[in-house]
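Structural overview
Chain residues, written in single-letter form:
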Amino acid sequence: MPVRGTRCYSQLQSAAAASTRQISPSFPSETSMHATDVRYPYFIRRNSRGSLPVYTDIRNGGTRYLVSIRNVHGQINSLANELQQSLFKHGSPEANRLKVQVTAQRHVILSGGRWKNDVINWLMSKGF
């Protein structure tokens, strides 16, 4: 009679998943081929927790509020231009106060207001 070895919990889970998994074709399905992927000249990689890398920094005793976007790959200046033009409506008080700076080749800093949630919503609407 053959001796059976013991299995770890992870081996049991992977064996169960392999037995229930259906074999899919190696080529993309028709529905994924017709999906509209939006391509931008820049890419914003999410952090290790899966969140967008948008951070706040309060300086000068609370009088200067900065919003920074990190981990931008590609043409960072086009991201800065799009933020300047389309984050707020042209001519609004927020658009007049908004200042966008590019620093360290991979960071965008916005100053002039508390706009972290606006920036996150804008990035989410763009598909990031």
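Rules of the game
Counting from 1, residues in each chain are numbered in the order their sequence is written. Under the rules for a predicted model, residues below a pLDDT of 70 receive no local features and side-chain atom pairs below 80 are neither given nor counted, while totals for whole chains, interfaces and linings still include all residues. Where side-chain values are given, they derive from all heavy atoms of the structure, hydrogens and water being excluded. Salt bridge criterion: a side-chain nitrogen from Lys or Arg within 4 Å of a carboxyl oxygen from Asp or Glu. Buried means the residue's accessible area, taken with a 1.4 Å probe over protein chains only, is under 20% of the maximum for its type, while exposed means over 50%, and partly exposed covers the values in between. Strand pairing is assigned whenever DSSP detects at least two bridges linking the two strands. Segments assigned H or I by DSSP are reported as helices when at least four residues long, segments assigned E as strands when at least two residues long, and all are numbered from the N terminus.

Regarding the pattern of salt bridges
Pairing between side chains of opposite charge can happen when the charged atoms of each approach one another. Under the counting rule described, the total for this entry stands at 2 salt bridges. Here R59 makes a salt bridge to D57, at a shortest N to O gap of 2.8 Å. Residue classification places R59 among the partly exposed residues on the basis of a relative accessible area of 43%. For D57, a relative accessible area of 29% translates into the label partly exposed.

Brief notes about the pairing of strand β6 (residues 107-111)
Here 4 bridges tie strand β3 (residues 64-69) to β6, and the two strands are oriented antiparallel to one another. Across the sheet, residue V67 finds its bridge partner in β6, namely L110. As judged from the 5 bridges shared by strand β5 (residues 99-103) and β6, these two strands associate in the antiparallel manner. Across the sheet, residue Q101 finds its bridge partner in β6, namely I109.

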